[in-house]
Structure formats: structure tokens, C-alpha cells
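Fold and geometry: a report
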Amino acid sequence: MKIKKIFVSLMTLLLCGCSMSSVKERNSSNMKNHSSSIKSEHDNIKVVYFSCTKNTQKIAVKMANDLECSIDEIIPYVPYTNEDLDYLDDTSRANLEQNDNNARPAIQNTIDFNDIDTLFLGYPIWWGKLPKIIYTFLETYNFDSDTIIPFCTSGGSGISNSVSEIRQLEPNAIVLNGQRFASNASDSMVKSFIDSLNL
Ligand SMILES: Cc1cc2nc3c(=O)[nH]c(=O)nc-3n(C[C@H](O)[C@H](O)[C@H](O)COP(=O)(O)O)c2cc1C
């Protein structure tokens, strides 16, 4: 009987240790990846974005504030310079990538999706479509059975073509129609989109 009690106590200690260490791993990996868990209302939701000139970043931050969820940036291994983003130059990096089906720009950071089942995915529209680094991102992580809510910023182009691309890349995820925002979208515009989702 005594031996049984000792065994049960040991197992309890061991299990507590394990779950604490997995929480630690999650937190330290978030810190490492420039993630900030703003508050913790929605532990199952994460906002992830790619942004070169900060338009999408501004929307992403508003979203994470509203949702009280964690936020991570997709950081390119090689940062995009202004020359790289010159869409008037056929030979600029962004244009070459968009014209190359096999282009998969490398990502510098890893992102922790433990316990996440709903992903807000933000990006700029490049030539009506997803920047190729979003292909790299979606091919790196598995979002089967998760819900992906795309959002984008653009000079005027809509989001729908990029949503079709996400659906092709993630056939086993539930991909909502998402929302395009102007770069100067207000807090209330972002909030009303989130409210419309009834999460
Ligand atoms: C290479 C490239 C292609 C672009 N193509 C489009 C486009 O097809 N339609 C559009 O409305 N805006 C286009 N834009 C403008 C961006 O979508 C817009 O400036 C966006 O808000 C940038 O987001 P960011 O600041 O988060 O990088 C393009 C920009 C770049 C650099």
C-alpha cells in the first residue's frame, strides 16, 4: 500500500514536471521568434503576418489586440530591400519570385503552433496573388482541420485569388473568404471584421 502511494506521488511529480516543461518550451520559443502573446483570451488563435513596408503589420497588430491572442511575423531569411520591391522593374527580386512557380523564399524564424486551431494569416497582395514566401510558410506547417482566416493589404486589388491559392495549398484546412484592407484601415474596420466572424 505504502509502495503504491510512493509510486502515485512520483508519477504525479513527473507529470507536473513534463507539462511545466512543455509550457516553458512554448514560451521560450515564442520569445525567440519575436512572438508576443498580448493577452491570453484566445489561446487557440494566432495572428501570423508577412509585411515588407508595415501596412499588413499595422492591421495584424490591431487584430491581435482585438482578439487578445498571440502574434508572429514571417521573417524572410533575406530581408526585402526597396529595390527588391520595385514592381516596375521586371528584374526586381519580388517580380522574379512572383513569375517563378518554384520560388520559395526562405523564412528565418520558426513559429510555434501548439494548441492553435485558428490562424489569421496576413500578407500584401503581389501581382494579384500571394507573395511566394507564403507558399514557403504554408508548405512548412500543417494546418489540416484548422481554420485559416486570410487578410491582406493592397493598393486596390481584392483578396479572392490569393484565397484560392491558400485553398489549393491547404486542401484539408477550412479557409474562410477573409478580408482585404486598405493600408490606412481604422481600428473599427478591423474590429467589425473580427466581430462578423462570431468566433
Ligand atoms: C511586387 C509588388 C507587387 C504588388 N502588386 C499589387 C497588386 O497586384 N495589386 C495591388 O493592389 N497592390 C499591389 N502591390 C502593393 C501592395 O500590395 C501594398 O503596398 C501592400 O499594402 C504592401 O503591404 P506591406 O506594407 O505589408 O508589405 C504590390 C506591391 C509589390 C511590392
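Along each chain, residue indices are assigned from 1 in the same order as the chain's sequence is written. Confidence filtering applies because this is a predicted model: local features only for residues at pLDDT of at least 70, side-chain atom pairs given and counted only at 80 or more, and all residues used for totals across whole chains, interfaces and linings.

Here we look at the nonpolar core
- Membership of the largest hydrophobic core comes to 39 residues, with the highest contact counts inside it found for V47, M63 and I134.
- When residues of this core are traced back to their parent elements, those giving at least two are β2 (45–49), α2 (55–67), β4 (118–124), α4 (132–140), β5 (147–153), α5 (160–169) and α6 (187–196).
- We call two residues in contact when the distance between their C-beta atoms, placed using the backbone, is within 7 Å. Each residue touching V47, except ones within four places of it in the same chain, is listed here: A60, M63, A64, L67, C69, I71, F120 and G122. When buried Ala, Val, Leu, Ile, Met, Phe, Trp, Tyr and Cys residues are joined through C-beta atoms within 7 Å, the set is termed a nonpolar core. Any residue whose C-beta has 12 or fewer other C-beta atoms within 10 Å is treated as exposed, any with 20 or more as buried, and any in between as partly exposed, C-beta atoms being built from the backbone. Each helix corresponds to a stretch of at least 4 residues labelled H or I by DSSP, and each strand to a stretch of at least 2 residues labelled E; elements are numbered beginning at the N terminus.

Considering the site of the ligand
- Using a C-beta atom placed from the backbone, a residue is described as near a molecule or strand when that atom lies within 6 Å of it. Not every one of the 22 residues close to the ligand is listed here, only the nearest: S51, T53, N55, T56 and P124.
- If you tally residues by element for the shell around the ligand, the top one is α2, at 3 residues.
- For this classification, Asp, Glu, Lys and Arg are treated as charged, while Ala, Val, Leu, Ile, Met, Phe, Trp, Tyr, Cys and Pro are nonpolar and the rest, including Gly, are polar. When grouped by side-chain class, the residues that make up the shell around the ligand number 8 nonpolar, 13 polar and 1 charged.

Topic: the environment of V175
- The topology assignment puts V175 in strand β6 (residues 174–175).
- Sequence separation between V175 and P150 is 25 residues, and the spatial gap between their C-alpha atoms is 7.6 Å.
- Sequence-distant contacts of V175, defined by excluding residues within four places in its chain, comprise I148, P150, V163, I166, R167 and E170.

Considering the pairing of β2
- Here β2 lies mainly inside the structure; 5 of its 5 residues are buried.
- Side chains I45, V47 and Y49 project from β2 onto one buried face, and the interleaved K46 and V48 project onto a second face that is buried too.
- Bridge analysis of β2 against β4 gives 5 bridges, and the strand direction is parallel. Pairing of V48 across the sheet is with L121, part of β4.
- Pairing of β2 with strand β3 (residues 70–73), which is carried by 4 bridges, proceeds in the parallel orientation. Bridged to K46 within β3 is S70.
- Place the viewer so that the strands point away; then a crossover is right-handed whenever the path from the first strand over the helix to the second strand goes clockwise. The β-α-β motif built from β2, the intervening α2 and the parallel element β3 has right-handed crossover chirality. Paired strands, in this sense, are two strands between which DSSP finds at least two bridges.

Taken by themselves, the reported measurements are silent on function.
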